[in-house]
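Here's the letter readout for the chains.
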Amino acid sequence: MPARSRYHHGALREALLRSAERIIKKRGVAFVSLREVARDARVSHSAPAHHFGNKAGLLTAFAASGFEKLASVVEAEVGASGAKTGPDVLEAMGRGYVRFAIEHPERFGVMFRSEILDVDSPDYAASAGKAWTMLAATVRRCAAEGYIRAADVDAITAAAWSVAHGLATLWIGGRLPARVEERDPDRLAARALRAFVDGVVRGAKR
């Protein structure tokens with residue numbers, strides 16, 4: 001069935017991205033191609049090329065949408081946490097980051113594969129930058145509230161990202177589950193992030 005008869009413009013783009021995710025989940029990112037995505041979505045072979053140009057364009061759009069979803073999950077976690085201070089928000093952001101990664105490992109893995117993406121794409125840069133901006137703003141808030149020195153904002157921002165990203169990556173790769181007693185990644189993330197924030201951010205105020 002021709003693509004235009006099955007989808008309107010926006011829906012087709014999203015359907016193609018969902019097809020890419022299915023292929024990655026089943027076979028791995030190496031097996032993604034415009035032809036395979038078109039076959040999975042049951043549209044003409046020209047449809048993915050029309051929307052994304054080439055494989056790098058497709059994967060870049062897929063990664064950019066991942067950063068948008070990540071921001072939504074993090075914002076939801078912060079909202080649900082009832083956080084009142086910068087350190088509270090920082091903990092909640094880390095929990096949301098880890099939860100997103102573990103619930104969407106295929107998407108998370110592609111988001112940081114710069115060698116297969118067009119990292120100069122404006123959409124990708126804006127989406128990836130949004131996540132960093134949220135984190136950096138929260139650490140600056142911690143400084144404004146007197147928890148840390150302004151001179152340490154960049155270092156603590158980098159460290160906070162590294163803790164959440166490293167924990168998520170190690171859990172997805174099976175390294176952490178094989179070495180820790182905690183079986184629930186959400187609980188492990190909560191404890192790890194509390195330890196980091198207590199020691200590095202709240203502890204700096206003492």
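Residues numbered from 1 in each chain as written. Predicted model: local features only at pLDDT ≥ 70, side-chain atom pairs only at ≥ 80, totals over all residues. Heavy atoms only, no water.

J.: I'd like a rundown of the packing of aromatic side chains, residues and numbers included.
T.: Counted according to the given criterion, the structure contains 6 aromatic pairs. A ring pair is formed by Phe67 and Tyr124, whose centres lie 5.8 Å apart and whose planes are at 80°; its orientation type is edge-to-face. One end of the pair, Phe67, is in helix 5 (residues 55–81); the other, Tyr124, is in helix 8 (residues 122–144), with 57 residues separating them in the sequence. Judged by its relative accessible area of 9%, Tyr124 is buried. Between Tyr97 and Phe108 the ring centres are 5.8 Å apart and the planes differ by 90°, which places this aromatic pair in the edge-to-face class. (Phe/Tyr/Trp six-rings, centres within 6.5 Å; stacked < 30°, edge-to-face > 60°. Helix = DSSP H or I, 4+ residues; strand = E, 2+ residues; numbered from the N terminus. Buried < 20%, exposed > 50% of the residue type's maximum accessible area, 1.4 Å probe, protein only.)

J.: Describe the pattern of salt bridges, and please don't skip the residues or the numbers.
T.: All told, the structure shown has 20 salt bridges when counted by the stated rule. Arg191 is paired through a salt bridge with Glu182; the nearest N and O atoms lie 3.6 Å apart. A relative accessible area of 57% means that Arg191 is categorised as exposed. Classification of Glu182 by relative accessible area gives buried; the value is 14%. Taken together, the salt bridges that share partners define one network made up of Glu77, Asp88, Glu91, Arg95, Arg99, Asp186, Arg194, Asp198 and Arg202. (Salt bridge = Lys/Arg side-chain N within 4 Å of Asp/Glu carboxyl O.)

J.: Could you give an account of the layout of surface pockets, with specific residues and numbers?
T.: Roughly 300 Å³ of internal volume is contained in the largest pocket. Taken together, 19 residues form the lining of the largest pocket, with Tyr97, Ala131, Trp132, Leu135 and Trp161 sitting closest to its centre. Listed by contribution, the elements that provide at least two residues to the lining of the largest pocket are helix 5, helix 6 (86–103), helix 8, helix 9 (153–172) and helix 10 (185–202). Ranked by residues supplied to the lining of the largest pocket, first place goes to helix 8 with 5 residues. Grouping the amino acids of the lining of the largest pocket by side-chain chemistry returns 18 nonpolar, 1 polar and no charged. (1 Å grid on protein atoms, 1.4 Å probe; cavity = no way out; pocket = protein on both sides within 12 Å on 5 of 7 lines; lining within 4 Å. Points joined across faces, edges and corners; volume = space filled by probe spheres on them. Nonpolar A, V, L, I, M, F, W, Y, C, P; charged D, E, K, R; others polar.)

J.: Describe the packing of helix 5 against helix 6, listing the residues and the values that go with them.
T.: It is at 8 Å that the axes of helix 5 and helix 6 come closest, and there the two elements cross at 135°. For the element pair helix 5 / helix 6, the angle class is oblique. Relative to helix 6, helix 5 is oriented so that their crossing is right-handed. Contact residues: Gly66, Lys69, Leu70, Val73, Val74, Glu77, Val78 and Ser81 in helix 5; Val89, Ala92, Met93, Arg95, Gly96, Tyr97, Arg99 and Phe100 in helix 6. Here the residues of the contact of helix 5 with helix 6 are counted per class, giving 9 nonpolar, 3 polar and 4 charged. (Axes fitted to C-alpha atoms, helices over the stretch in contact; angles between N-to-C directions. Parallel < 35°, antiparallel > 145°, perpendicular 65-115°, else oblique. Left-handed = near helix turned anticlockwise from the far one by under 90°. Contact = heavy atoms within 4.5 Å.)

J.: Would you mind going over the side chain of Glu21 in detail, with residue names and values included?
T.: Take Glu21: it is sitting in helix 2 (residues 9–27). For Glu21, a relative accessible area of 15% puts it in the buried group.

J.: Can you break down unusual backbone geometry residue by residue, with the values?
T.: Despite not being glycine, Arg42 shows a phi value in the positive range, around 60°. Tracing the backbone through its elements, the reader meets Arg42 in the loop between helix 3 (34–41) and helix 4 (46–52).

J.: So, the side chain of Glu182: which residues are in play, and what are the values?
T.: Residue position: Glu182 is located in the loop between helix 9 and helix 10. Within the structure, Glu182 has its side chain in polar contact with the side chain of Arg187 (distance 3.0 Å). (Polar contact = N/O pair within 3.5 Å; in protein donor to acceptor, adjacent residues only side chain to side chain.)

J.: Provide a residue-level description of the environment of Ala71, including the pertinent values.
T.: Structurally, Ala71 can be placed in helix 5. On the basis of relative accessibility, which here comes to 2%, the residue Ala71 falls in the buried class. Between the C-alpha atom of Ala71 and that of Leu34, which follows or precedes it by 37 residues, the distance is 27 Å. Residues in contact with Ala71, not counting those within four places in the same chain, are Lys130 and Met134.

J.: Could you give an account of helix 10, naming the residues involved and the relevant values?
T.: Spanning 18 residues, helix 10 covers 23 Å between terminal C-alpha atoms, matching the ideal 26 Å at 1.5 Å per step. Among the residues making up helix 10, those that are buried are Pro185, Leu188, Ala189, Leu193, Phe196, Val197, Val201 and Arg202. Residues of helix 10 that are buried sit in contact with helix 6, helix 8 and helix 9. (Expected span 1.5 Å × (residues − 1).)

Distances and angles like these do not, on their own, reveal function.
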